[in-house]
Amino acid sequence: MAEPIFWTSFVFIAYIYFGYPVLLILWRRLARRTVRKAYWEPSVSLVIAAHNERDNIERKIANCLDSDYPRDRMQIIVSLDAPTDGTESLAQRYANRREVEIIYSRLRKGKVAAINAAVKKAEGQILVFGDARQRLDTNAIRELVANFQDSSVGAVTGELILLDENGKEANDGIGVYWRYEKWLRAMEVEIHSMIGATGAIYAIRRELFKELPEDTILDDVAIPLRALLAGKRTIFDPAARAYDVECTPEMEYRRKVRTLMGNYQLLAQMPELLLPSRNPLFMQFLSHKVGRLFVPYFLAALFLANLFLLSGFYLVFFVLQITWYFLACVGSIVSSQSHRHMPHALAVGTSEKRA
């Protein structure tokens, strides 16, 4: 009994992380799709939902105002969700700017409620969403918007670059895994669409936005998926860049748990995602999202089954598993220690929001 469990678990995990990328490589060679990107200047509403962002809010607003997108075509909406650290007083310094509108809620309702409130005030043809912590390239909005010249495109996400403590692109475990994720997304887009978006920088056509339930965990997945279910593509454009400092292992763990819980919630909120007739990304959704929900269980099954198979190849594989988990624990401890010594100005910019 242990042997079938071992091999079923092994094949499942191998497919999710190795077989699926190989499938995408072959698939895009047979059915590659391009995006007819062209620069234009529709009206844009940039939505920033924030709670306690005293250390970031002024820098974020100033960063948005530095965009090379025409000021008379851009509306910046800062939606504050009952901050308690003085964020609102700092944001109000920009309230006299024609491009900036400040919305303030006295009751803490959550990020999604802040997004819904902001969109009600939005006047732009294109809605651009971003968090308070990340810095955008000056041309990021222009690059995002250019993709909407293609009528098949409903939503666009940019590229989040994770930086280390030296301000260079991160090359540790978290940084490498994030590049792997972006590689998958780029291939998915060349076939049809990607699943979800990067919370730091993404956009959607105004007419495709529908108010979200306030308990929604992954707004940056739910909003693009709704565009997908409406018959549009959700694409990834690495020319539209945002920058953030990589998070600590503890924060990465919390983010992973949050993402997994959000994916479970999405299945409950949008069961049509599991219908091949409704979801054009059915195979990608099963492989990239649903499959990962079950990986922890298959890892546990693989380890337990291996306990009953301790000879020959199975013994070697068991030793490799023990070694892998040991090194992961050591790496986590070392990384935690290094992040504790990270300069505060970098540490506070850390994002927990990557879908």
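Heads up: the structure comes first, above all this text.
Note that the coordinates shown come from a computational prediction; the quantities given were computed from them, not determined experimentally.

1. Details of the pairing of strand β7 (residues 202-205)
Reasoning step 1: Burial along β7 is two-sided: the residues Y202 and I204 and A203 and R205 are all buried.
Reasoning step 2: Sheet analysis places strand β4 (residues 126-130) next to β7, joined by 4 bridges and oriented antiparallel. Within β7, the residue paired with L127 across the bridge is I204.
Reasoning step 3: Two strands pair when backbone bridges link them, and strand β6 (residues 153-163) and β7 are joined in this way by 3 bridges, in the antiparallel orientation. Following the sheet pairing, T157 is matched in β7 by Y202.

2. Some points on a nonpolar patch on the surface
Reasoning step 1: On the surface, Y253, V257, M261, Y264, F294 and Y297 cluster together into a nonpolar patch covering about 650 Å² of accessible area.
Reasoning step 2: Breaking the nonpolar patch down by element, the ones donating at least two residues are α8 (249-269) and α9 (282-307).
Reasoning step 3: Among the elements that line the nonpolar patch, the one with the most residues is α8, at 4 residues.
Reasoning step 4: Relative accessible area serves as the criterion here: at 59%, Y253 is assigned to the exposed category.

3. Quick notes on the packing of helix α1 (residues 2-30) against α9
Describing two packed helices takes the angle between their axes plus the distance from one axis to the other.
Reasoning step 1: One way to put it is that α1 packs onto α9 with a least axis distance of 8 Å and a crossing angle of 150°. Here α1 is positioned roughly antiparallel relative to α9, judged by the angle of their axes. The handedness of the crossing between α1 and α9 comes out as left-handed.
Reasoning step 2: Residue composition of the contact of α1 with α9, grouped by class: 20 nonpolar, 7 polar and 1 charged.

4. A few points about the environment of S105
Reasoning step 1: Along the chain, the position of S105 falls in strand β3 (residues 100-105).
Reasoning step 2: Distance in space between the C-alpha atoms of S105 and A117 is 9.2 Å, their sequence separation being 12 residues.
Reasoning step 3: Excluding anything up to four places from it in sequence, S105 contacts L80, D81 and A82.

5. Some thoughts on the side chain of K60
Reasoning step 1: Locating K60 in the fold gives a position in helix α2 (residues 57-65).
Reasoning step 2: The buried charged residue K60 lacks any salt bridge, with D131 as its nearest oppositely charged partner at 7.7 Å.
Reasoning step 3: Apart from the residues within four sequence positions on either side, K60 is in contact with I48, D131, A132, Q134 and L136.

6. A word on the pattern of salt bridges
Reasoning step 1: Scanning the entire structure with this criterion turns up 18 salt bridges.
Reasoning step 2: Among the charged side chains, a salt-bridge network with shared partners connects R28, R32 and E190.

7. So, the nonpolar core
Reasoning step 1: Counting residues in each nonpolar core, the largest one holds 41 residues, and the members touching the most others are I57, I61, I76, V78 and I201.
Reasoning step 2: Setting aside residues up to four positions removed in sequence, I201 forms contacts with F129, L136, A140, L144, T157, G158, E159, A240, R241 and A242.
Reasoning step 3: In this structure, I77, V112, L266 and L273 belong to the second largest nonpolar core, which totals 36 residues.

8. Remarks on the environment of I126
Reasoning step 1: Counting through the fold element by element, I126 comes out in strand β4.
Reasoning step 2: Spatially, the C-alpha atom of I126 lies 37 Å from that of V295, the residues being 169 residues apart in sequence.
Reasoning step 3: Those residues in contact with I126 that sit more than four places away from it in its chain are P42, S43, V44, S45, V145, F148, A203, I204, R205 and R206.

9. Points about the pairing of β6
Reasoning step 1: A large share of β6 lies buried, amounting to 11 of its 11 residues.
Reasoning step 2: Two elements, β6 and strand β8 (residues 233-245), share 9 bridges in a ladder whose sense is parallel. Across the sheet, E159 pairs through a bridge with R241, a residue of β8.

10. Concerning α1
Reasoning step 1: An ideal rise of 1.5 Å per residue puts 42 Å on 29 residues; α1 measures up with 39 Å between its terminal C-alpha atoms.
Reasoning step 2: At Y15, α1 shows its maximal bend, which comes to roughly 55°.
Reasoning step 3: Buried within α1 are the following residues: A2, F6, S9, I13, I16, Y20, P21 and L24.

11. Things to note about unusual backbone geometry
Reasoning step 1: For A82, which is not glycine, the phi dihedral falls at a positive 45°.
Reasoning step 2: Along the chain, A82 falls in the loop between β2 (74-81) and α3 (87-91).

Reading the values: rules and limits
Residues numbered from 1 in each chain as written. Predicted model: local features only at pLDDT ≥ 70, side-chain atom pairs only at ≥ 80, totals over all residues. Heavy atoms only, no water. Buried < 20%, exposed > 50% of the residue type's maximum accessible area, 1.4 Å probe, protein only. Helix = DSSP H or I, 4+ residues; strand = E, 2+ residues; numbered from the N terminus. Pairing = 2+ DSSP bridges. Patch = residues over 30% accessible without salt bridge, like charges linked within 9 Å, V, L, I, M, F, W, Y side chains within 5 Å. Areas by Shrake-Rupley, 256 points an atom, 1.4 Å probe, with all protein chains shown as cover. Salt bridge = Lys/Arg side-chain N within 4 Å of Asp/Glu carboxyl O. Axes fitted to C-alpha atoms, helices over the stretch in contact; angles between N-to-C directions. Parallel < 35°, antiparallel > 145°, perpendicular 65-115°, else oblique. Left-handed = near helix turned anticlockwise from the far one by under 90°. Nonpolar A, V, L, I, M, F, W, Y, C, P; charged D, E, K, R; others polar. Contact = heavy atoms within 4.5 Å. Lys, Arg positive; Asp, Glu negative; His and termini not counted. Core = buried A, V, L, I, M, F, W, Y, C linked by side-chain atoms within 4.5 Å. Expected span 1.5 Å × (residues − 1). Bend = angle between axes of the 7 residues up to and from the residue.

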